[in-house]
Amino acid sequence: NVLINKSLTIIGQAMPTLDGENKYEIFTINAKNVIIKGMQFINVGKSATQDFAAIKASGADGLKVVDNIIVDGYFGIHLSNTLGAQIIGNKISRTKTGTENETSVGNAIHLWKCNHALIENNQVSNYRDGIYFEFVTNSVIKKNHSEKNIRYGLHFMFSNEDQYIDNEFVNNGAGVAVMYTHSVTMVGNLFAHNWGASAYGLLLKDIRDSKVCNNR
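Here we summarise the structure given alongside this text. Note that the structure is a prediction, hence the values are computed from the model and not measured.

Helix and strand counts for the protein stand at zero helices and 26 strands. For the protein, the C-alpha radius of gyration of 16 Å lies close to 17 Å, the compact-globule estimate for 216 residues. For the C-alpha atoms alone, the extent of the protein along its principal axes is close to 40 × 35 × 35 Å. Residues counted as buried form 49% of the 216 residues belonging to the protein. Relative to all contacts within the protein whose residues are 6 or more apart in sequence, the contacts with residues 24 or more apart total 49%. Here the protein has roughly 9600 Å² of accessible surface; of this, 47% comes from carbon and sulfur atoms. When the 20 basic and 19 acidic side-chain charges of the protein are each reduced to a single mean position, those positions are 2 Å apart.

Next comes the structure, spelled out in structure tokens:
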């Protein structure tokens, strides 16, 4: 895999492709103020002990991941301990569907212990969860389309003071699960055609001081 340990801007021309050969993580980022734009990532490796991703970042404050295509990642984009990340305009999908379950594939966009993130205008499909937040605060998820994910279109836990606005969650096992969280705003979202064993549009568990309105 490619280790990025200093501030860089990487912009692809004509969507160059990086292939993990079903063996490797592709970009591993441990630096601040990195920009990844206009790249295609395919065939990320799978590991029983590590969450391999097309783009994995830790401590990467100011990261921008914009207008990339990810096909057949184990995880698509995986961030941890990162402040102020922007994930905008990416297309993240899997073609290897039908035989997988929620233990055999990761999440399209996964954030853990991050804050002040912006997740906007992404298209995600055929992962375990389309978008996953855990211990993520003061962040915005808006105008994303999350479809055909095995478990949830959006799943977040212990993630306070976040906003979920004008997203579409279609044909997922369940639309959205919100757990152990306070001060959440969910406005203008669409939950459609949930098909799983727990086929909820919106599942709320241990929520307080939150605003859920004008959703369909």
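Next comes the rest of the write-up.
Centre-to-centre distance and the angle between the planes together describe a pair of aromatic rings. Inspection of the entire model under this criterion finds seven aromatic pairs. Ring geometry for Phe27 against Phe41: centres 5.2 Å apart, planes inclined by 80 degrees, an arrangement best described as edge-to-face. With Phe27 in strand 4 (residues 27–29) and Phe41 in strand 6 (residues 40–42), this residue pair connects regions lying 14 residues apart in the sequence. Consider the rings of Phe169 and Phe191, whose centres lie 5.7 Å apart with planes at 15 degrees: the pair is stacked. Here Phe169 is found in strand 21 (residues 168–170), whereas its partner Phe191 is found in strand 24 (residues 190–192), with 22 residues between them in sequence. Judged on exposure class, the residue Phe169 and its partner Phe191 are both buried. Every member of this aromatic cluster is reached through a ring pair, and the members are Phe133, Phe156 and Tyr164. Lying over the aromatic face of Tyr127, Arg94 brings its terminal NZ or CZ to 5.8 Å of the ring centre.

Judged by pairing direction, the sheet is parallel, and its eight strands sit side by side in the order 3-6-9-12-15-18-21-24 without closing on themselves. What marks the edges here is a single partner per strand, and that holds for strand 3 (17–19) and strand 24. Pairs of neighbouring strands in the sheet enclose a mean axial angle of 10 degrees, with direction left out of account. Note that strand 9 (residues 69–71) and strand 12 (residues 91–93) share three bridges and pair parallel. Each residue of the ladder has a partner; that of Ile69, found in strand 12, is Lys91.

Our next topic: the sheet that holds strand 5 (residues 35–37). One open sheet accounts for nine strands, arranged 2-5-8-11-14-17-20-23-26; its pairing is parallel. Edge positions in the sheet fall to strand 2 (9–11) and strand 26 (211–213), since each of these pairs with one other strand and no more. Put simply, the sheet's adjacent strands are angled 5 degrees from each other on average, direction ignored. Examined bridge by bridge, strand 11 (residues 86–88) and strand 14 (residues 118–120) share three bridges and lie parallel to one another. Along strand 14, the bridge assignment pairs Ile87 with Ile119.

About the criteria used
- Residues numbered from 1 in each chain as written.
- Predicted model: local features only at pLDDT ≥ 70, side-chain atom pairs only at ≥ 80, totals over all residues.
- Heavy atoms only, no water.
- Helix = DSSP H or I, 4+ residues; strand = E, 2+ residues; numbered from the N terminus.
- Rg over C-alpha atoms; globule rule 2.2 N^0.38 Å.
- Buried < 20%, exposed > 50% of the residue type's maximum accessible area, 1.4 Å probe, protein only.
- Contact = heavy atoms within 4.5 Å.
- Areas by Shrake-Rupley, 256 points an atom, 1.4 Å probe, with all protein chains shown as cover.
- Lys, Arg positive; Asp, Glu negative; His and termini not counted.
- Charge placed at Lys NZ, Arg CZ, Asp CG, Glu CD.
- Phe/Tyr/Trp six-rings, centres within 6.5 Å; stacked < 30°, edge-to-face > 60°.
- Lys NZ or Arg CZ within 6 Å of the ring centre and 35° of its normal.
- Pairing = 2+ DSSP bridges.
- Axes fitted to C-alpha atoms, helices over the stretch in contact; angles between N-to-C directions.

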